[in-house]
Amino acid sequence: MAEPQISKTYLVKPKHKPKPRTPKQTAESKYWSSFKTKQIPDLISSITSLTFSPTTPHSFAAAHSASLTLYNPQNKFSPTATISSFRDVVSSASFRCDGLLIAASDLSGLVQVFDVKTRTPLRKLRSHTRPARFVKYPVADKLHLVSGGDDAIVKYWDVSGETPICDLLGHKDYVRCGDCSPVSTDMFITGSYDHTVKLWDVRVKDSGSVMEVNHGKPVEDVIFLPSGGLIATAGGDSVKIWDLMGGGKMVYSMESHNKTVTSICVGKLGKDGGEEAQQYRILSVALDGYMKVFDYAKMKVTHSMRFPAPLMSVAFSPDCLTRVIGTSNGTIYAGRRKNKEDFEGGSDEELERPLSKYERRQKKLKALSSRDAGGLGPVEEPQVRVLKPTNFRYFHRGQGEKPSEGEYLVMRPRKVKLGEHDKLLKKFRHKEALVSVLGSKNPENAVAVMEELVARKKLLKCVSNLDSEELGLLLMFLQKHSTVPSYSGLLMGLTKKVLEMRAEDIRASDDLKGHIRNLKRSVEEEIRIQQSLQEIQGIISPLLRITGRR
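These numbers were taken from a predicted model, which means no experiment stands behind them. (Residues numbered from 1 in each chain as written. Predicted model: local features only at pLDDT ≥ 70, side-chain atom pairs only at ≥ 80, totals over all residues. Heavy atoms only, no water.)

Trainee: Even after reading the chapter, I still don't get the overall build of the chain, so can you show me in this structure?
Mentor: Regarding its fold elements, the chain presents 12 helices and 28 strands. Working note: accessible area of the chain is about 31900 Å², and carbon and sulfur atoms make up 52% of it. (Helix = DSSP H or I, 4+ residues; strand = E, 2+ residues; numbered from the N terminus. Areas by Shrake-Rupley, 256 points an atom, 1.4 Å probe, with all protein chains shown as cover.)

Trainee: Help me out: how do you make sense of the environment of His481 in this one?
Mentor: Note on placement: His481 falls in helix H9 (residues 468-481). Put simply, His481 and Val447 are 34 residues apart on the chain and 9.7 Å apart in space, counted from C-alpha to C-alpha. Discounting residues that sit within four places of it in the chain, His481 has contacts with Pro443, Tyr487 and Leu491. (Contact = heavy atoms within 4.5 Å.)

Trainee: What is the right way to read the pattern of salt bridges from this model?
Mentor: Across all of its chains, the model carries 18 salt bridges by this definition. When the shortest N-O distance is used, the salt bridge between Arg502 and Asp505 registers 2.7 Å. Assessed through its relative accessible area of 7%, Arg502 is described here as buried. Here Glu525 ties to Arg528 by a salt bridge, and the two come within 2.4 Å at their closest N and O atoms. Of this pair, Glu525 and Arg528 both sit in helix H12 (residues 510-549), three residues apart, which is roughly one turn of that helix. Arg528 sits in the partly exposed class, given a relative accessible area of 45%. Here the salt bridges do not stand alone but share partners, grouping Glu28, Arg281 and Asp295 into one network. (Salt bridge = Lys/Arg side-chain N within 4 Å of Asp/Glu carboxyl O. Buried < 20%, exposed > 50% of the residue type's maximum accessible area, 1.4 Å probe, protein only.)

Trainee: Just to check I follow, could you spell out the sheet that holds strand E11 (residues 144-149) for this structure?
Mentor: Strand pairs in the sheet, formed through backbone hydrogen bonds, run parallel or antiparallel to each other. Read across the open sheet, the four strands follow the order E10-E11-E12-E13; overall the sheet is antiparallel. Edge positions in the open sheet fall to strand E10 (132-136) and strand E13 (163-168), since each of these has one partner strand only. Averaged over all neighbouring strand pairs, the angle between strand axes comes to 25°, with direction disregarded. One ladder, built from four bridges, connects E10 with E11; its direction is antiparallel. Directly across from Phe134, in E11, lies its bridge partner Gly148. (Pairing = 2+ DSSP bridges. Axes fitted to C-alpha atoms, helices over the stretch in contact; angles between N-to-C directions.)

Trainee: When you look at a positive patch on the surface in this model, what are you seeing that I'm missing?
Mentor: Together, Arg507, Lys513, Arg517 and Arg521 make up a region of like positive charge exposed at the surface. Per element, the largest residue contribution to the positive patch is three residues, and it comes from H12. Among the secondary structure elements, Arg521 is positioned in helix H12. (Patch = residues over 30% accessible without salt bridge, like charges linked within 9 Å, V, L, I, M, F, W, Y side chains within 5 Å. Lys, Arg positive; Asp, Glu negative; His and termini not counted. Charge placed at Lys NZ, Arg CZ, Asp CG, Glu CD.)

Trainee: Looking at this structure, I do not really get the nonpolar core. What am I missing?
Mentor: Nonpolar side chains in soluble globular proteins generally cluster together in the buried interior. Ranked by internal contacts, the top residues of the largest apolar core, which has 28 residues, are Met450, Leu474, Leu494 and Val498. Among the elements that line this core, the one with the most residues is helix H7 (residues 443-455), at six residues. With near-sequence residues (within four places) excluded, Leu474 lies in contact with Leu438, Met450, Val463, Leu466, Leu494 and Val498. Within the second largest apolar cluster, 17 residues are counted, among which are Trp32, Val314, Cys320 and Tyr333. (Core = buried A, V, L, I, M, F, W, Y, C linked by side-chain atoms within 4.5 Å.)

Trainee: Just checking my understanding: could you explain the side chain of Arg323 for this structure?
Mentor: Along the chain, Arg323 turns up in strand E27 (residues 322-327). Among the polar contacts listed, one links the side chain of Arg323 to the side chain of Thr37, at a separation of 3.3 Å. Not counting chain neighbours up to four residues away, the residues in contact with Arg323 comprise Trp32, Phe35, Thr37, Leu283, Met291, Met305, Phe307, Ala315, Phe316, Tyr333, Ala334 and Gly335. (Polar contact = N/O pair within 3.5 Å; in protein donor to acceptor, adjacent residues only side chain to side chain.)

Trainee: It is not clear to me how the sheet that holds strand E6 (residues 90-95) should be interpreted in this structure. Could you clarify?
Mentor: If you trace the four strands from one edge of the open sheet to the other, you get E6-E7-E8-E9, paired in antiparallel fashion. Two strands close off the open sheet at either side, each with one partner strand: E6 and strand E9 (121-126). The mean inter-strand angle of the sheet, taken between neighbouring strand axes irrespective of direction, is 20°. Pairing of E6 with strand E7 (residues 101-106), which is carried by five bridges, proceeds in the antiparallel orientation. Bridging from a neighbouring strand, Ser92 pairs with Ser105 of E7.

Trainee: Please clarify how the UniProt feature "repeat: WD" (unreviewed entry) in the chain should be interpreted in this entry.
Mentor: Cross-referencing UniProt, the feature "repeat: WD" (unreviewed entry) maps to residues 168-203 in the present numbering. Overall, residues 168-203 shows 0% helix and 53% strand. The separation of its end C-alpha atoms is 12 Å. (UniProt positions renumbered as here; feature names shortened; annotations may be inferred.)

Trainee: Looking at this model, I keep getting lost on unusual backbone geometry. Mind explaining?
Mentor: Note: most peptide bonds trans; most residues except glycine with negative phi. Residue Pro57 is bonded to the preceding Thr56 through a cis peptide linkage, with omega at 5°. Its place among the elements puts Pro57 in the loop between strand E2 (47-52) and strand E3 (60-64). Phi is positive for Ala152, which is not a glycine, with a value near 65°. Assignment of secondary structure puts Ala152 in the loop between E11 and strand E12 (154-158). Overall, the relative accessible area of 14% leaves Ala152 in the buried class. Backbone geometry places Glu162, a non-glycine residue, at a positive phi of 55°. Here Glu162 lies in the loop between E12 and E13.

Okay, structure coming up:
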């Protein structure tokens, strides 16, 4: 009688697979990882300040030692200009809203305004008696500046007259940072080492602060969030968000860093259009070498990156394509994302990538069409003839021919290649299928066959019918693989059943006793390892709990 044929056969595969140890990367992590980092090394001293120009091509300025260097992110981050006319270390820099001027402060207390193209100093603002730590242009104001320094005085400058309009008093310690409101040219905030952040309004006649919040630790950096109603302050190992519209109430405290947070900035997901334009993030860097991305809408850290040096400054470009980080050892980690415009114009990544044969042909045809051929006008790109079903060549296309959009593709089913154990299972020869995989080098096939026999309720019957040599193969397999985490759930239960069912056969054979001794040693060794891991877990878990609170 002929054997019944099964219409479709499936390969036997193990059901229990080990789970990946690394968590799946989220879409936002992929976004921040897409910034291809390039090092700009050998700068003098630490990078105290980084700032982007608000106009294209969004060059950025890096303050290091007594110099201010401008870089073009669209040209492999090459330096375009260096301003060196400073008496002391440059502490801060800020572009004007049109990108034509840049203001910089240094530790001598001098604030200077430079022409970006010619690098000539246009104005020198002298009034600070101690080192000037920050300088800032209001968002849409071309005539005024805000600065602060170690003399605990905040100054509001008339740039054209080189004179301070007013001195804002109120801080009791060094003023180290500040930012201007994105919705008003008359309001700005400053942070000081006296743990306070003050909100100022130059329209108030008594020159007092409008609002004050206490960060609790010396404030290293402070920024306005895009709405203008929230601010973020960095000090100690925490970044705090405050609601100015709610009377200076603290909204959230992000304590993810292990050392002092030195700089923060606002980054934006996506580009200038669509829903992604509203997804803002806070980027923070610290002396622990980490950059954290904080989603203040969901109040959680969404991405983290480690760098091999303490981080001092961070900045993000307005076009969402460039991110720069300055370190304490004079290295800038500049990252840039790929953009469609870069591909059309020939970006750094595109120029370095070798072109395919099709791309070279398209480039050559484009070049020919753009210039005249012997004064006869531009050369038109040759039209590729489309094959139709009425053509004879249509039915003699090769296998490499790609289907067009409107064609229906019929795939030839691939023939399933069956292994020896699959063929035996197909014929219901269960014991022979089990023996065939016990001696193989692939334990996954053996476990898959055992799982299939469990589903057919034939595994214990096969074990009871094994002779002494086959039983030795089974015990040897159990001794090698029963402690493997992905197989132990099935094999440890099978081991117990084998010892109960074949106890008399094992006592009667010295070889089987040797296999049992080896199995016992491997189980005892696994138990010792598990106990050691539990002791280590007991030591580490309190430390992890403390770290989670921070």
